[in-house]
Amino acid sequence: MKKLMIIILSLFIFFGCQEKKEESTEKKESAKSELQKAMKADESVLQIEDAWVRPAAKNRNTGVFFRVVNSTNSNDTLVAARSNYAEKTEVHETFKQGDDMMGMREVEFIVIEAGTVLEFKPMSYHVMLINLNEELLAEQEIELKLAFKQAGELKIKAKVEDRMPKMQAKEEKSKMEM
Amino acid sequence: MTNNIFSKKTLKYLLLVILPAFILINCGDSLPIEDDLSEKKYVLFNQDSVEVIYPENLKGKVAVIGYVFTNCPDICPLTTNNMRLVQEALKKENITGVEFVTITFDPEYDTPSVLKEYAEVRRLDTSNWIFLTGDKSTTDQVMRDVGVVAVPSDSTKMASGEMMYFYVHTDRINLMDKEGRIRASYLGSELNIEKIVNDIKTLLN
Ligand SMILES: [Cu+2]
């Protein structure tokens, strides 16, 4: 009787106190995103869509996000980004280390394969503006240039917004449903 | 033989029923004490350079704590944004008694005025949100005590000669109870808002 009680009790304690660990569902999506479906078929030049940049104070850093739609027949490579808004403009990627560590690093180039869409988005690629010359507040718009091997230098406009990844996903979903 | 109620046998049965019930109530909500900071008195400063004894000055409130550095362009803004979403969710439900705390692990760069700017450009509601910095040794100790790791990985030399460091860091939001004990950890950039709001309610009750 005593033994049974002890066994039952310890089982209870063991299971009762088991901590439900937050599991990361994050998986870096592959470069060829599902957004392929959203691609416009007849465009024969590289397109940059939906560019936005996070607000930040002067002398601070921020990230620019956008979609590169390559509906051409050849691969293209992003080799540089330029802007007049910051001391340095670099192409970066965010990476995961271990279970819950995050970091970012500069990447020299990114290939956008023919017929694919590559998304620069939170927790993935971004163009990093280091040491801003001025503060960026919501509703403003900035210009920057992306240099591709094939398409050359593309001028883009990015709207200052503080977006969440989920919001983005929703928008995309509704777009696709339309 | 008269005091049947206190007989060994009865006690055993009582134990069998009461203890598991007790365990269920206390552990079933899966908010065990992860780190006890209730006795700690870290001297930190808020975004207005006012001294804050952490977590002493927060006692009596449930605290949502995020760990960031302001030079971070990607993960930390998500953490901060998630905290804002929690703040908004609580407002909607008229839940009070919760304080939001952002602590920097890069205090050399993130002075009070830098943190103030950080909140301002994001138009954050600072009525129940403080941004803490302090001596590097103190913030390092805070991070160590809750198991948040931040290591400078990449660095860039600026024209001014100054080095700018980018950290590889733990992606974390903590929930602290009214007594200053860490009761839950979440991925800061991928927070489940509903879950943390429920956990907050549990700790408020
Ligand atoms: Cu970056």
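Up top is the structure.
Residues numbered from 1 in each chain as written. Chains lettered and ligands numbered in written order. Predicted model: local features only at pLDDT ≥ 70, side-chain atom pairs only at ≥ 80, totals over all residues. Heavy atoms only, no water.

Asks: Can you walk me through the coordination of the copper ion in this structure?
Replies: As a benchmark, a tetrahedral metal site with four donors has ideal angles of 109.5 degrees, while an octahedral site with six donors has ideal angles of 90 or 180 degrees. All names here are of chain A. Note on the copper ion: its protein donors are His92 (ND1), Met104 (SD), His126 (NE2) and Met128 (SD). The metal-donor distances range over 2.1 to 2.5 Å. For the copper ion, the four donor atoms in the first shell make angles of 101 to 119° at the metal, so the coordination geometry reads as tetrahedral. All donors of the copper ion come from a single chain, and their spacing in sequence reads H-x11-M-x21-H-x1-M. Pair noted here: His92 is in strand S4 (residues 86-97) and Met104 is in strand S5 (residues 101-106), with a separation of twelve residues, a long-range link. (Donors = N, O, S within 2.8 Å, 3.2 Å for Na, K, Ca; no water. Tetrahedral: all angles 85-135°; square planar, octahedral: opposite > 155°, others 65-115°. Helix = DSSP H or I, 4+ residues; strand = E, 2+ residues; numbered from the N terminus.)

Asks: Help me understand the environment of Asn46 of chain B, please; the structure alone is not making it clear to me.
Replies: Residue and element names in this part refer to chain B. Turning to its location among the elements, Asn46 is positioned in the loop between strand S2 (42-45) and strand S3 (51-54). By relative accessible area, which is 11% here, Asn46 ends up buried. As a C-alpha pair, Asn46 and Thr133 span 87 residues in sequence and 6.5 Å in three-dimensional space. Sequence-distant contacts of Asn46, that is, excluding residues within four places in its chain, are made with Val52, Pro112, Phe131 and Leu132. (Buried < 20%, exposed > 50% of the residue type's maximum accessible area, 1.4 Å probe, protein only. Contact = heavy atoms within 4.5 Å.)

Asks: For this particular structure, what's the right way to read the side chain of Asn61 of chain A?
Replies: Along the chain, Asn61 of chain A turns up in the loop between strand S1 (47-53) and strand S2 (62-70). A relative accessible area of 3% places Asn61 of chain A in the buried class. A polar contact of 3.0 Å, which involves the side chain of Asn61 of chain A, links it to the backbone nitrogen of Asn131 of chain A. A distance of 2.8 Å separates a polar atom in the side chain of Asn61 of chain A from a polar atom in the side chain of Asn71 of chain B. (Polar contact = N/O pair within 3.5 Å; in protein donor to acceptor, adjacent residues only side chain to side chain.)

Asks: What is the right way to look at the sheet that holds strand S4 (residues 62-68) of chain B in this model?
Replies: Within a sheet, neighbouring strands are paired by backbone hydrogen bonds and run either parallel or antiparallel to one another. Residues and elements named next belong to chain B. Strands sit in the order S1-S10-S9-S4-S5-S6 across an open sheet of six strands; the sheet is mixed. The open sheet has two free edges, formed respectively by strand S1 (35-36) and strand S6 (129-132), since each of these has just one partner strand. Sheet topology note: the S1/strand S10 (residues 181-187) ladder contains two bridges and is antiparallel. Looking at S10, one finds that Asp35 is bridged to Ile182. (Pairing = 2+ DSSP bridges.)

Asks: Which parts of the structure should I look at to understand the packing of helix H2 (residues 75-92) of chain B against helix H5 (residues 193-204) of chain B?
Replies: Residues and elements named next belong to chain B. Taken N-terminus to C-terminus, the directions of H2 and H5 make an angle of 55°; their axes are 10 Å apart at the nearest point. With respect to each other, H2 and H5 are oriented oblique. Crossing handedness for the pair H2 and H5: right-handed. On the side of H2, the interface is formed by Asn82, Leu85, Val86, Ala89 and Leu90, while H5 contributes Ile193, Ile196, Val197 and Ile200. Looking at the contact of H2 with H5 residue by residue, the classes come out as eight nonpolar, one polar and no charged. (Axes fitted to C-alpha atoms, helices over the stretch in contact; angles between N-to-C directions. Parallel < 35°, antiparallel > 145°, perpendicular 65-115°, else oblique. Left-handed = near helix turned anticlockwise from the far one by under 90°. Nonpolar A, V, L, I, M, F, W, Y, C, P; charged D, E, K, R; others polar.)

Asks: Please explain H5 of chain B as it appears in this structure.
Replies: Residue and element names in this part refer to chain B. The end-to-end C-alpha distance of H5 is 16 Å, a good match for the 16 Å that twelve residues give at a rise of 1.5 Å each. Looking only at H5, the buried set comprises Ile193, Ile196, Val197, Asp199, Ile200, Leu203 and Leu204. Down the axis of H5, the buried side of the element spans an arc of 160°, and every buried residue falls inside it. Considering only its buried residues, H5 is in contact with S4, H2, strand S5 (98-104), strand S9 (172-176) and S10. (Expected span 1.5 Å × (residues − 1). Arc of directions from axis to C-beta.)

Asks: Which parts of the structure should I look at to understand the nonpolar core?
Replies: Nonpolar side chains tend toward joint burial in soluble globular proteins. Ranked by internal contacts, the top residues of the largest apolar core, which has 63 residues, are Tyr54 and Ile200 of chain B. Ala56, Val68, Leu146 and Ala158 of chain A belong to the second-largest nonpolar core, a separate cluster that totals 29 residues. (Core = buried A, V, L, I, M, F, W, Y, C linked by side-chain atoms within 4.5 Å.)

This is a description of form; function is not addressed.
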